[in-house]
Amino acid sequence: SVLGEHELALRERARQVIPGGMYGHMSVQAFSSAHPQFMASGDGCRVTDTDGRTYLDLMCGWGPVVLGHRHPGVTAAILDQLERGDCLDGTSPVAVEFAELLVDTIPSADWAMFCKNGSDATTTCVTIARAATGKRKLLVAHGAYHGAVPWCSLRGSGVTAEDQAHLVRYEYNDLASAEAAAAEAGDDLAAIVVCPMRHDIKRDQELVDPAFARGLRALADRTGAVLVLDDVRCGFRLDLGGSWEPLGVRPDLSAWSKAIANGQALGAVTGIEALRDAVRSVYVTGSFWTAAVPLAAGLATLTELRKGVALPDMARTGARLREGLAAQAAAHGFEIRQTGPVQMPMLSFAGDEDFRLVTAWAEAAVERGVYLHPWHNWFLSAAHTDADIDAILARTDEAFAAVQG
Ligand code: PMP
C-alpha cells in the first residue's frame, strides 16, 4: 500500500469507533485510494500527515484556510482571546467589532450575525426569509449544495419528502427555468437561493451569467421574494464585498462561512436594513455561535484580507497554476478542461465520464506530494507563492506522465 503505517493503524482504530471510519466530505474512501485520511499538522500552504509526509496543499481545509495554515497574525489573535476566554456567559465585545467590520466591508450588509457552519448560515437565511415574507417556497438550483441539513440535503437517506416539500428546483444560469419555478411557487414564494457560481461536485464549474444574476435580482424584486446569496464557498476569496459585487448585483441576505476565520469554526449571515425586524422576530442560536476565539480569528482574518494583498496574490498564483497545468496536459497529449475562477481551480479530462482518469491523476499527484481532489474544486491560499506553484507543477507534470498511455 502507498499509505503509511500510522495512517493504516488509525484507519483500523477509526473503523471500530467511527461508522465507516469517517463520514461526509472528509471521508477519503469516497474519492481516493491514495489520499491519507488523517492529517497531523499544517503550515502555510503545506499539510503533513501522521506518517510525516508533507504535501503542498491545494484544498486548504476544503476552503476555510485562505491566508495559509497557522497564519501568524490569526494565530496571535486566537491565543490572545483564548487567554481571556472563549465560551463566556455573555457575548464577547469582539462580536460587535467583527460585525462592524463586516458591515463596513460588504456593501449589501447593514447588519451581521454569527453562527458556526455554512449550513447554519444558509438555514438561518431561509428562516429569516420565511419570517419576513410569511411565505414557504424556496427556489434552489438543481444540484446546488447549501449544506448537510434536511431542507437542502442532496442525499436521500434519512431525509423525508416532507423535509423538502417547499423546494422548487431551477436550472443554474437559466433565467426562464427560475421564472417558471417562481410561477410554480405562486404567491407562496419566500426566497430565491443561489450560489455565486455553479460549483456542484462531479461537474465542471460554471461562472454565473451576469444577465442571469441581474434577472434573479429582478425576479426577487417583482415577486417580493428574498434573494439569498450562498457565499459560503466563494466568499472572501474572489471579492471581499461579496462574490456578486463585481456584477453590481446585491443580495438581500448572504450566507458566509469557510474562509471567514481562516479555519476557525465560524459562519455569518449578513443582510439589508429591511430585514432587520425579521431577524429580531426569529429564534436562532447555538451554544457555540458567539464563542469568542473564532470571532477574534475572523476579525484578524478580515483585517489581513482588507490590506488588499491576499486576493490579488491568489488571482496571480491561480493563473500561474492554470497556465502551467494547461501546458503540461498539452505536452502529455491530454485534453483537459479547467473551469471556474483561478483561485478555486477545477480540472477535468475530456471524455473521462466515470472520473477514472482524473482519480488516477489525483492519486499520482498525492503520491508525489500535492494534495488535490479529483472531482471537487480546489482552493488557493495567500500563502502560496510563485515558487510553491512551481513546486506543485513539477509534481503534477510527473502525475500526467504517470497516467499517460
Ligand atoms: N453552501 C455552500 C456553497 C458550501 O460549499 C457549503 C460547504 N461545502 C455549505 C453551504 C455548507 O457549509 P458547512 O459544511 O460549513 O455546513
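For the structure given in this document, a descriptive report is provided here. (Residues numbered from 1 in each chain as written. Predicted model: local features only at pLDDT ≥ 70, side-chain atom pairs only at ≥ 80, totals over all residues. Heavy atoms only, no water.)

### Topic: unusual backbone geometry
Filter applied, for reference: Only DSSP runs of H or I with at least four residues qualify as helices, and only runs of E with at least two residues qualify as strands; both kinds are numbered from the N terminus onward. Exposure is judged per residue with a 1.4 Å probe applied to protein chains only, and the accessible area is read against the type maximum: over 50% gives exposed, under 20% gives buried, and values in between give partly exposed.
The backbone phi angle of Lys 202 is positive, close to 55 degrees, even though this residue is not glycine. Checked against the element boundaries, Lys 202 lands in the loop between strand E7 (189-194) and helix H6 (210-223). Assessed through its relative accessible area of 43%, Lys 202 is described here as partly exposed. For Lys 258, which is not glycine, the phi dihedral falls at a positive 35 degrees. Following the sequence through the fold, Lys 258 ends up in the loop between strand E9 (253-256) and strand E10 (267-271).

### Notes on the packing of aromatic side chains
Quick note on the threshold: By convention, a stacked pair of Phe, Tyr or Trp rings (six-membered ring in the case of Trp) has centres within 6.5 Å and planes under 30 degrees apart, an edge-to-face pair has planes over 60 apart, and any other such pair is tilted. Here, over-ring charges are defined by two tests on the NZ atom of lysine or the CZ atom of arginine: distance to the ring centre within 6 Å, and angle to the ring normal within 35 degrees.
Here the structure, examined in full by the defined rule, presents 13 aromatic pairs. For the pair Phe 349 and Trp 361, a centre-to-centre distance of 6.2 Å together with 70 degrees between the ring planes defines the contact as edge-to-face. Taken together, the residues span a long stretch of sequence, with Phe 349 in strand E12 (residues 347-349) and Trp 361 in helix H10 (residues 356-367) at a distance of twelve residues. Pair check on accessibility: Phe 349 and Trp 361 agree, each one buried. Among the aromatic residues, those joined into a cluster by ring pairs are Phe 334, Phe 349, Trp 361, Trp 378 and Phe 400. Between the NZ or CZ atom of Lys 202 and the centre of the ring of Trp 375, over which it lies, the distance is 4.6 Å.

### Here's the deal with the nonpolar core
Condition: What we call a nonpolar core is a set of buried Ala, Val, Leu, Ile, Met, Phe, Trp, Tyr and Cys residues that are connected through their side-chain atoms within 4.5 Å. Only heavy atoms enter the contact rule, under which two residues are in contact if any of them lie within 4.5 Å.
Counting residues in hydrophobic clusters, the biggest one holds 71 residues, and the most contacted among them are Phe 98 and Trp 361. For this core, the leading source of residues is helix H8 (residues 292-305), giving nine residues. Once you skip the residues sitting within four places of it in the chain, Phe 98 turns out to touch Phe 114, Ile 260, Leu 266, Leu 295, Gly 298, Leu 299 and Leu 302. Residues Cys 115, Ala 121, Ala 129 and Val 228 belong to the second largest nonpolar core, which totals 27 residues.

### Re the site of the ligand
Definition in use: To be near a molecule or strand, a residue needs just one of its heavy atoms within 4 Å of it. For the purposes of these results, a polar contact is taken to be a pair of N or O atoms within 3.5 Å, where, inside protein, one atom must be able to donate a hydrogen and its partner to accept one; residues adjacent in sequence count only when each atom of the pair is a side-chain atom. To measure how exposed things are, a 1.4 Å probe is used in the Shrake-Rupley method; for residues, cover is taken only from the protein chains shown.
Close to the ligand lie Asn 117, Gly 118, Ser 119, Tyr 145, His 146, Gly 147, Cys 195, His 199, Asp 230, Val 232, Arg 233 and Lys 258, which account for all nearby residues. At 2.6 Å from an oxygen atom of the ligand is found a side-chain nitrogen or oxygen belonging to Ser 119. Within the side chain of Lys 258, a nitrogen or oxygen atom sits 3.4 Å from a nitrogen atom of the ligand. Look at the ligand: alone it shows 390 Å² of surface, and the protein chains cover 85% of it.

### Some remarks on the sheet that holds strand E2 (residues 46-49)
How we decide: Strand pairing requires that DSSP identify at least two bridges connecting the strands. Orientation is described by lines fitted to C-alpha atoms, with helices fitted over the stretch in contact, and by angles between N-to-C directions that extend from 0 to 180 degrees.
In space, the four strands of this open sheet follow the order E1-E2-E3-E13, with mixed pairing throughout. The open sheet terminates on both sides in strands that have one partner only, identified here as strand E1 (39-43) and strand E13 (370-371). Of the strand pairs in this sheet, E2 and strand E3 (residues 54-57) are connected by three bridges, and their pairing is antiparallel. Across the sheet, Val 47 pairs through a bridge with Tyr 55, a residue of E3. Set on the sheet, helix H11 (residues 386-403) makes contact with E2, E3 and E13; between it and E3 the angle comes to about 110 degrees.

### Comments concerning the environment of Ala 329
Turning to its location among the elements, Ala 329 is positioned in helix H9 (residues 310-331). The class of Ala 329 is buried, set by a relative accessible area of 1%. Note: C-alpha distance between Ala 329 and Gly 21 (308 residues apart in sequence) is 35 Å. Sequence-distant contacts of Ala 329, that is, excluding residues within four places in its chain, are made with Phe 334, Ile 336 and Phe 400.

The analysis is restricted to geometry; functional conclusions fall outside its scope.
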